[in-house]
Amino acid sequence: MDLTYTEEEQDFRARLRAWLGKALPELPAKPSPDDWPGRRAYDLGWQRRLYDAGYAGLHWPVDAGGRGATPTQHLIFLEETERAGAPYVGANFVGLLHAGPTIAAEGSAGQRARWLPPVLRGDEVWCQGFSEPDAGSDLASLRTRAVRDGDDYVVTGSKIWTSHAEVADWCELLVRTDPAAPKHRGISWLAMPMDAPGVTVRPLRTLAGSTEFAEMFLDEVRVPVANRVGAENDGWRVTMVTLSFERGTAFVGEVVACRRTLGELARTAKANGRWDDPVLRRRLGRLYGEFGALWRLTQWNVSEAERSGGVPGIGGSVFKLAYSHARQELYDAAAQVLGAGSLSLDEEWTLDRLSSLSYTIAAGTSQIQQNIVAERILGLPKGR
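Now for a quick tour of the structure.

What counts as what
Residues numbered from 1 in each chain as written. Predicted model: local features only at pLDDT ≥ 70, side-chain atom pairs only at ≥ 80, totals over all residues. Heavy atoms only, no water. Helix = DSSP H or I, 4+ residues; strand = E, 2+ residues; numbered from the N terminus. Buried < 20%, exposed > 50% of the residue type's maximum accessible area, 1.4 Å probe, protein only. Contact = heavy atoms within 4.5 Å. Areas by Shrake-Rupley, 256 points an atom, 1.4 Å probe, with all protein chains shown as cover. Phe/Tyr/Trp six-rings, centres within 6.5 Å; stacked < 30°, edge-to-face > 60°. Salt bridge = Lys/Arg side-chain N within 4 Å of Asp/Glu carboxyl O. Expected span 1.5 Å × (residues − 1). Bend = angle between axes of the 7 residues up to and from the residue. Core = buried A, V, L, I, M, F, W, Y, C linked by side-chain atoms within 4.5 Å. Axes fitted to C-alpha atoms, helices over the stretch in contact; angles between N-to-C directions. Parallel < 35°, antiparallel > 145°, perpendicular 65-115°, else oblique. Left-handed = near helix turned anticlockwise from the far one by under 90°. Nonpolar A, V, L, I, M, F, W, Y, C, P; charged D, E, K, R; others polar.

**Description of the overall build of the protein chain**
And step 1. Within the protein chain one finds eleven helices and eight strands.
And step 2. The buried share of the protein chain, reckoned over its 384 residues, is 50%.
And step 3. If you take every contact in the protein chain between residues at least 6 apart in sequence, the share linking residues at least 24 apart comes to 73%.
And step 4. Carbon and sulfur atoms make up 52% of the accessible area of the protein chain, which amounts to about 17800 Å² in all.

In structure tokens:
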């Protein structure tokens, strides 16, 4: 991995920085956190700006509608947009970071042509229908059934923690198409239109008071067989592709954000007198080192993905495991710096702290990541 920048890469950074300097002041005010239609419009409006400027799907393959940028250009893009305070992918994160890359890697030419351009243009939003109330971290135990009926699957079941379901147009949906097969087999990956008859969405309120997740109930929903990505009953393998993106590269922008947050904490500690505490200084210094190492690991993961045809490897589980716990400690340190008096539900710090608690669960629990690292990387025997 070469960490030096070429003249072309430095020119790319300068042009991107100049564009951000012009584009960000033109953005409308951010909508209320509870205004999901407004948030959808805001997030997709930013995506359209990126698209028109040639920055949408920067690292996606050219045949998937992207620019085929190098891993280094992709990381420069993430660094500069985060440092400039540009909007994150928001409501579009499943389409841009999970479903879209999966379709680019596994979909047919017709599927790529149908679903990828609207994601890149900011026309359509995707949600994720993987987890179920009785499946939890054991995703392969899912029970949502899809029965073949001519050119359709008839889908019945329920999903939970369905991200942005209330504003989504499409859902990346895991279903069981062969109930007699072993649990890791007999699963298929479908693209389900959210406006299909029989789909019911009930938002869930999180600890922080937000409703970006939902329960989803499916009552004999008809999904065309043509919407299946990959072969029937090969959905577990396709899902591993999705999860490799979710764990391997989907969080990279957030590492930059955490490094910026850490800098803000250090400045705040110096201003409010807490910098004199040597224990706190050591803690912030250790976090600085951890997030620096995570950024290097991010660079390695993105480079590895480029070498393997765009799909991250299982090293993403190492990153996800380390990042989840580092993020939680970062916001523990924030409480130490800011003091208990500043922590109320009206404070952005508190909302971020509450959100950080979910990271050891979302995209596969830390226990699942530990098993993956132990068995697939270290070659240890499976636990009994």
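From this point, the discussion proceeds with the structure in view.
**Quick notes on unusual backbone geometry**
And step 1. In this structure, Trp161 takes a positive phi of about 55° despite not being glycine.
And step 2. Checked against the element boundaries, Trp161 lands in the loop between strand S3 (152–159) and strand S4 (170–176).
And step 3. Since its relative accessible area comes to 48%, Trp161 is described here as partly exposed.
And step 4. Located in the positive-phi region is Asn233, a residue other than glycine, with phi close to 70°.
And step 5. By the secondary structure assignment, Asn233 is in the loop between strand S8 (228–229) and helix H6 (235–248).

**Details of the packing of aromatic side chains**
Within a pair of aromatic rings, the relevant descriptors are the distance that separates the centres and the angle that separates the planes.
And step 1. Within this structure, the stated rule accounts for eight aromatic pairs.
And step 2. Look at Trp115 and Trp126: their rings are 6.0 Å apart centre to centre, the planes differ by 90°, and that puts the pair in the edge-to-face class. Taken together, the residues Trp115 in helix H5 (residues 109–121) and Trp126 in strand S1 (residues 126–129) connect sequence positions eleven residues apart. With respect to burial, Trp115 and Trp126 carry one shared label: buried.
And step 3. Relative to Trp170, the ring of Trp115 lies with its centre 5.5 Å away and its plane at 70°, an arrangement referred to as edge-to-face.

**Some thoughts on the side chain of Gln47**
And step 1. Among the secondary structure elements, Gln47 is positioned in helix H2 (residues 36–53).
And step 2. Using a relative accessible area of 5% as the deciding quantity, one classes Gln47 as buried.
And step 3. Leaving out residues up to four positions away in the same chain, Gln47 has contacts with Ala56, Asn92, Leu96, Val119, Leu120, Arg121 and Gly122.

**Topic: the pattern of salt bridges**
And step 1. Here the structure, examined in full by the defined rule, presents 21 salt bridges.
And step 2. Among the salt bridges present, the one from Arg260 reaches Glu82, with a minimum N-O distance of 3.0 Å. Note that Arg260 is positioned in helix H7 (residues 252–272) and Glu82 in helix H3 (residues 71–83), a separation of 178 residues in sequence.
And step 3. For Arg260, a relative accessible area of 33% translates into the label partly exposed.
And step 4. Beyond isolated ion pairs, a larger network of salt bridges with shared partners links Arg13, Arg17, Glu79, Glu80 and Arg83.

**Here we look at helix H4 (residues 93–106)**
And step 1. End to end, H4 covers 19 Å across 14 residues, agreeing with the expected 20 Å (1.5 Å per residue, within 8%).
And step 2. A maximum bend of about 40° is found in H4 at Ala99, where proline Pro101 lies one to four positions downstream.
And step 3. Burial runs high along H4: eleven of the 14 residues are buried.
And step 4. Buried within H4 we find Val94, Gly95, Leu96, Leu97, His98, Ala99, Gly100, Pro101, Thr102, Ile103 and Ala104.

**What about the nonpolar core?**
And step 1. One finds Trp46, Trp126, Trp189, Phe291 and Leu330 to be the most contacted residues of the largest nonpolar core, which totals 64 residues.
And step 2. If you tally residues by element for this core, the top one is helix H9 (residues 316–338), at eight residues.
And step 3. Setting aside residues no more than four positions away along its own chain, Trp46 makes contact with Trp19, Leu20, Ala23, Leu24, Leu27, Ala86 and Pro87.
And step 4. Residues Cys127, Cys171, Ala196 and Met216 belong to the second largest nonpolar core, which totals 22 residues.

**Thoughts on the packing of H4 against H5**
And step 1. For the pair H4 and H5, the least separation of the axes is 10 Å and the interaxial angle reads 160°. With respect to H5, the element H4 is oriented roughly antiparallel. Considering how the two elements wind past one another, H4 and H5 form a crossing that is left-handed. Taking contact as the criterion, the partners of Gly95, Leu96, Gly100, Ile103 and Ala104 in H4 are, on H5, Gln111, Arg112, Trp115, Leu116, Val119 and Leu120.
And step 2. Counted by class, the contact of H4 with H5 contains seven nonpolar, three polar and one charged residues.

**Overview of the side chain of Glu79**
And step 1. Mapped onto the elements, Glu79 comes out in helix H3.
And step 2. Discounting residues that sit within four places of it in the chain, Glu79 has contacts with Tyr5, Arg13, Val256 and Trp295.

Just geometry here; none of it tells us what the structure is for.
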